[in-house]
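Tertiary structure, described
Chain residues, written in single-letter form:
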Amino acid sequence: MAAITTQALVKEYPGGVRGVDGVDITIADGEFFALLGPSGCGKTTLLRSIAGLEAITEGQLHIGDRDVTRLEPGQRNVAMVFQDYALFPHMDVADNIAYPLKIRRQGRSARRGVAAEVGDGLSLTGLMERRPGQLSGGQQQRVALARAVATRPDVLLLDEPLSNLDARLRLEARTFLKELQRDLAITTVFVTHDQAEALALADRIAVMSAGKLLQVGTPREVFAKPATTFVAGFIGSTPMNLLPGRVEGSRVRFGSADVPVPPDAVGMVDDGAEVVWGARPEYLGWSTTAVEDGVEAEVTVVENLGASVLVTAAVGTDRLQLVLDEDHEPEPGARGWVTARAHRTLLFDAESGQRLDAGAGVPAVAP
Amino acid sequence: MAPALALIGLFLVFPALWTIYLGMTDYRLTGLQAVDPSFVGLDNYGRILGDPAFWRSLRLTLVFVLVSGIIGQSLLGFAIAWALRRLTGWLKSLIETLVLAAWVIPASVSSFLWIALLDRRGGTLNEILGTEGTAWLIEHPMAAIIIFNVWVGTAFSMLLFSSALAAVPPSQLESARMAGAGGWQQLRDVVIPNIRGHILTNTLLITLWTFNTFTPYLVTAGGPNGASEILAVYIYNTAIPGGQLGVGAAISLIMLLINLVIALGYLRVGRARQAKPADATAAETAGGVVKPS
Amino acid sequence: MSEMPARLAATPRVRHFVSRVLMVIGLALVVVFFGLPLLWLVTAPFDSVPTLAVSWPEWTLSSFAAIGENRYAVGSFVNSAIIGVGTCAVVLVLGAFASYALSRVRIPGRDGLLYALLLLSSIVTGTAAMVPTFQLVNLLGLIDTHLAVVLVISGGTLPTVIFILKDFMDSIPKSYEESARLYGARPWQILRDVVVPISRPGLAFVAVWTLVQVWGNFLVPYLLIRRTEQQPAAVLMYTFYTESGQADLRLLSAFALIFSIPIIVMYFLVNRRYGFRFHGGIKS
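Residues numbered from 1 in each chain as written. Chains lettered and ligands numbered in written order. Predicted model: local features only at pLDDT ≥ 70, side-chain atom pairs only at ≥ 80, totals over all residues. Heavy atoms only, no water.

**Side note on the overall build of chain C**
Broken down by element type, chain C carries 12 helices and zero strands. Overall, chain C shows an N-to-C arrangement of helices and strands of α-α-α-α-α-α-α-α-α-α-α-α. Within chain C, the fraction of its 284 residues that count as buried is 57%. Residue pairs in contact within chain C that sit at least 24 positions apart in sequence constitute 72% of those at least 6 positions apart. Entry remark: accessible area of chain C is about 12400 Å², with carbon and sulfur atoms responsible for 67%. (Helix = DSSP H or I, 4+ residues; strand = E, 2+ residues; numbered from the N terminus. Buried < 20%, exposed > 50% of the residue type's maximum accessible area, 1.4 Å probe, protein only. Contact = heavy atoms within 4.5 Å. Areas by Shrake-Rupley, 256 points an atom, 1.4 Å probe, with all protein chains shown as cover.)

Okay, here's the thing in structure tokens:
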């Protein structure tokens, strides 16, 4: 069991491209930690650097109190589950699980014993003689997990752990994974491009873009208080409404409409400042009668989401999206007022994209 | 990696390069020039180019390549692949086995099988045709080695084209059929365009191999009187029994150059016809890439 | 009125029938063309008095005794086996290492080099470079040795072998090796535990392919080996029907069959076992 600390970590490829560009991060012992970002943001490179599969160009990496920056992957006591699981097709399940022990020169019977024990813990009983090709996707994933934890590593790394499963299985595997991680209490880092996965699984999430950390925080923090417009747009199953506007006194004006400056940003903005006003669709409401601070709008599209509906409304030339309860579904073409709970709205600097927050420093990093 | 490259370098690249030097000496297998060959510059080439035997050999080689390789092996191989495409069961395996067996058995065996078949007195062919006493190998030596080479080498084209035909998207054939296309039209409009890359690869390899094959030597030894002396045999006869290593090397170099011209010519054609698919299959098949099926 | 549709319907059917018949005739001709020469190979050795013509044999196995009586026959099979196994070993070991290295290391111009060697090997092997090859072996003092044949054929086949194997190595996901590395496996352990087992079909294919090449190769040993007792079966077979005046058909037919069987059996076994074909396999 160990914490992971990186200091000014840089991975530079030949040609000068920086996959990881100066990352400082501390992952607590036993934490379930997500690296989240779009493809090419450097999250996988960071994971592979922790594993030792990528040589670190600059900076330092500690696992526990060991400096492992220059150590071979085999000496770091980390385990990794690859996106394709990397199960050896020519070995049966037991041999796959026990392969790390074979490298550590343990006897065959000892290996079989450990494989059976770990396999039992991951409900693989009865599959020990099978080849990976004879297993379902979910079973393969569990075998890969079993192989990874068989040696009781300090750190478990997961590369897109759920991406190879079909949609229905994914939900089940997600719950399983969270349970397993809690039971084993191994420091676990996983990479995903799926924000829902990160929100559901992780204790904390690091959002990355272009090799840099944009925000590190609990799922609740990155969801409710994204540090930048990029994070705001990336997190959430329906992206946050982001409307460019201008501060006029205590109001933010965009087009013909205006709304109050969000409480967090009060005192942070000067009159006339160019800003971006943000509000999650889930935090917006709809009123058929005029209300104070409501924004008049016309419904253009209504998409059914099951128990709720996603409504797209036109405000002048701008568009706002709202998630409404199924009981309050408006008709397309209906006119009404979009309401926002002021403390759920956010304000970003138009130029830097940083969130304006009088309360906390930027970005918010949890202990 | 290094030892492999060293071996390739020593026994493949080096001989090829050394040919250039040797071709400019009067090196001989025996006698004074065997110990101390002298540099004769381009004399060898002058002599070769002035020698009618060389030109006859070159002409024979071109006929051999064209008829036995490009026409015989490719067309027959394609025809068999096309006919077997829908066939299953014993007839398919029989034909495949026979064609492949002809390809796999050692050259010195297959050549004797043909010598026996074509023998003047007791040969099976004469018995069947009732033409006792016809010495096929002496009266029609070129025809004999051409047919022999078709027999030996068709398997390659058959295999290559079967896999190529299997890769033609069935949906394309089906839409052609629904448009009312007959067998020939399907072949022309769907199949051939789809396997153009394979055709090119096949023709390139078949050309090179047929050009360089030494096996006909086992059937006719180039005879009678050089009537079936294709270039590979001509080089051998000049260099080893004839003892003129320098001249042999010079012919080798000419042969290498012709090969190079052929290869580059094909590559140009391949590139001109939208290179991508042709190149891909050339890469695939040149290496004899195996596809688990 | 009633005739017209009938004839219209008949025409495609007739055409279909005619094309069927033509196809059957064509296939029959193919069978005869490829089968006829092979017929002698399977009948003559069992005939008590073999002739050059194919005939129903008077069954006997006595021809095979002729092989034992010949001074060089048995030895030539041993020679063929030594050369075959030797070449396979050299080609497999060197080819596996080289293709693995080439597959994993990024060297600029790697593919170009490989294609160039491939082209060269399909041009040069044996024929065009026979003079310098002969000279080189002479210079190394390796004339009349099996080693010379092994080395020359290995040099000629390695480019193709590397090409084929590299394709297999390329298809092994990198994550397999990385996974092994994470558990502390050393490069040789990765090769032993992961790369070799997974590319086994490729290695088997290459082994058989090489064996087919070597077993039937006539020119290289013919060129490099002069002493009869050192000659492999391919060369000895040739001398049986060219140098001994009246050919001994009992010896010749039995020898030819025994010489051919291993390679045919192996070819078809591997074909079946691994479920692949010599897709574009090269036999020059």
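**Observations regarding the packing of aromatic side chains**
Applying the stated criterion to the full structure yields 32 aromatic pairs over all chains. Pairing Phe-88 of chain A with Tyr-176 of chain C gives two aromatic rings, centres 5.9 Å apart and planes at 80°, and the pair type is edge-to-face. A residue pair is termed interchain when its members come from two chains, as with Phe-88 of chain A in the loop between strand 6 (78–81) and helix 2 (93–103) and Tyr-176 of chain C in helix 7 (residues 174–182). Comparing Phe-88 of chain A with Tyr-176 of chain C, the two get one shared label, buried. Their ring planes at 65° and their centres at 5.3 Å tell us that Phe-214 of chain B and Tyr-236 of chain B sit as a pair that is edge-to-face. Note that Phe-214 of chain B is positioned in the loop between helix 12 (196–212) and helix 13 (216–220) and Tyr-236 of chain B in helix 14 (residues 231–239), a separation of 22 residues in sequence. Accessibility assignment for this pair places Phe-214 of chain B and Tyr-236 of chain B in one class, buried. (Phe/Tyr/Trp six-rings, centres within 6.5 Å; stacked < 30°, edge-to-face > 60°.)

**Overview of the interface of chain B and chain C**
Contacts between the two partners involve 91 residues from chain B, matched on the other side by 89 residues from chain C. Buried surface at the junction of chain B and chain C, both sides included, amounts to about 8100 Å², of which 79% is carbon and sulfur. One can count zero salt bridges joining chain B with chain C. Scanning the region where chain B abuts chain C turns up four residue pairs in polar contact (both at pLDDT 80 or more). Per-element tally for the side of chain B that touches chain C: the top contributor is helix 1 (residues 2–22) of chain B, with 15 residues. Of the residues in the side of chain B that touches chain C, the class split is 68 nonpolar, 18 polar and five charged. (Buried area = accessible area lost by both parts, 1.4 Å probe. Salt bridge = Lys/Arg side-chain N within 4 Å of Asp/Glu carboxyl O. Polar contact = N/O pair within 3.5 Å; in protein donor to acceptor, adjacent residues only side chain to side chain. Nonpolar A, V, L, I, M, F, W, Y, C, P; charged D, E, K, R; others polar.)

**Notes on the arrangement of the chains**
By contact count, the leading pair among the two pairs of chains in contact is chains B and C. At the C-alpha level, the nearest point of chain A lies 15 Å from chain B, with no contact between them.

**Comments concerning the sheet that holds strand 8 (residues 187–192) of chain A**
Two pairing modes exist for strands in a sheet, parallel and antiparallel, and in both the strands are linked by backbone hydrogen bonds. All names here are of chain A. The six strands lie next to each other as 6-7-8-3-9-10, forming an open sheet whose pairing is mixed. Strands with a single pairing partner mark the edges of an open sheet, and in this sheet they are strand 6 and strand 10 (212–217). When the angles between neighbouring strand axes are averaged without regard to direction, this sheet yields 20°. With five bridges connecting them, strand 3 (residues 32–36) and strand 8 associate as parallel partners. Paired with Leu-36 across the two strands is Thr-192, which belongs to strand 8. Across the sheet, helix 1 (residues 43–51) lies against strand 3, strand 6, strand 7 (155–159), strand 8 and strand 9 (204–209), angled at about 150° from strand 7, the strand it touches most. (Pairing = 2+ DSSP bridges. Axes fitted to C-alpha atoms, helices over the stretch in contact; angles between N-to-C directions.)

**Re the interface of chain A and chain C**
Listed per partner, the contact involves 24 residues of chain A and 18 residues of chain C. For the chain A and chain C pair, buried surface summed over both sides reaches about 1900 Å², with 59% attributable to carbon and sulfur atoms. When the buried surface of chain A facing chain C is broken down by residue, His-90, Tyr-99 and Ile-103 of chain A rank first, second and third, together holding 25% of it. Where chain A packs against chain C, one counts two salt bridges. Notably, a salt bridge pairs Asp-193 of chain C with Lys-102 of chain A, separated by 3.3 Å at the nearest N-O pair. Remark: the boundary between chain A and chain C carries eight residue pairs in polar contact (both at pLDDT 80 or more). Those elements giving two or more residues to the side of chain A that touches chain C turn out to be helix 1, strand 6, helix 2 and helix 4 (137–149) of chain A. Looking at the side of chain A that touches chain C element by element, the count peaks at four residues for helix 2 of chain A. For the side of chain A that touches chain C, the residue count by class is 16 nonpolar, three polar and five charged.

**Observations regarding the domain arrangement of chain A**
Residue and element names in this part refer to chain A. Once the domains are mapped, chain A shows domain 1 (4–227) and domain 2 (230–349). The distance between the C-alpha centroids of domain 1 and domain 2 comes to 38 Å. The interface is formed by 17 residues belonging to domain 1 together with 15 residues belonging to domain 2. Interface area for domain 1 against domain 2, summed over the two sides, is near 1200 Å², with a carbon-plus-sulfur share of 75%. A per-residue breakdown of the area domain 1 buries against domain 2 is headed by Gln-195, Phe-223 and Pro-226, which together make up 45% of the total. (Domains from an automatic or database assignment.)

**Description of the pairing of strand 17 (residues 308–315) of chain A**
Residues and elements named next belong to chain A. Judged by how many residues are buried, strand 17 sits mostly within the fold: seven of eight residues are covered. Sheet analysis places strand 16 (residues 295–304) next to strand 17, joined by six bridges and oriented antiparallel. Bridge pairing links Asn-304 to Val-309 in strand 17. Between strand 16 and the antiparallel strand that follows it, strand 17, lie three residues; Gly-306 among them carries a positive phi value of about 100°. Bridge count for strand 17 against strand 18 (residues 318–325) is eight bridges, and the pairing is antiparallel. In the strand pairing of strand 18, Leu-310 is matched with Val-323. Taking the residues that link successive antiparallel strands as the turn, the strand 17-strand 18 hairpin has two residues, and the phi of Gly-316 there is positive, at about 60°.

**Some words on the packing of helix 2 of chain A against helix 4 of chain A**
All names here are of chain A. Viewed as axis vectors pointing N to C, helix 2 and helix 4 meet at an angle of 30°, and their least axial separation amounts to 7 Å. As summarised for this structure, helix 2 and helix 4 are arranged roughly parallel, according to the angle between their axes. The handedness of the crossing between helix 2 and helix 4 comes out as right-handed. Listed contacts from helix 4 to Val-93, Asn-96, Ile-97 and Pro-100 of helix 2 are Val-143, Ala-146 and Arg-147. (Parallel < 35°, antiparallel > 145°, perpendicular 65-115°, else oblique. Left-handed = near helix turned anticlockwise from the far one by under 90°.)

**Here's the deal with the domain arrangement of chain C**
Residue and element names in this part refer to chain C. Here chain C is described as being made up of domain 1 (3–60) and domain 2 (70–283). Counting from both sides, the interface comprises nine residues of domain 1 and, opposite them, seven residues of domain 2. In total, about 660 Å² of surface goes out of reach between domain 1 and domain 2, with carbon and sulfur atoms giving 87% of it. Linking domain 1 to domain 2 there are zero salt bridges. Between the two partners, domain 1 and domain 2, sit zero residue pairs in polar contact (both at pLDDT 80 or more). Of the residues in the side of domain 1 that touches domain 2, the class split is seven nonpolar, two polar and no charged.

**Overview of the sheet that holds strand 16 of chain A**
All names here are of chain A. Here five strands make up an open sheet; going across it, the order is 15-19-16-17-18 and the pairing antiparallel. Pairing within the sheet leaves two strands with one partner each, and these edge strands are strand 15 (284–287) and strand 18. When the angles between neighbouring strand axes are averaged without regard to direction, this sheet yields 45°. Summarising the sheet, strand 16 and strand 19 (residues 335–340) pair through four bridges and their orientation is antiparallel. Residue pairing across strands places Glu-296 opposite Trp-337, the latter belonging to strand 19.

**Some points on helix 7 of chain C**
Judged by how many residues are buried, helix 7 of chain C sits mostly within the fold: seven of nine residues are covered. Those residues of helix 7 of chain C lying buried are Ser-175, Tyr-176, Glu-177, Glu-178, Ser-179, Ala-180 and Leu-182 of chain C. In this structure, the buried residues of helix 7 of chain C make contact with helix 1, strand 6, helix 2 and helix 4 of chain A together with helix 3 (73–104) and helix 8 (187–198) of chain C. Following helix 7 of chain C by one or two positions, Gly-184 of chain C has its phi on the positive side, about 90°.

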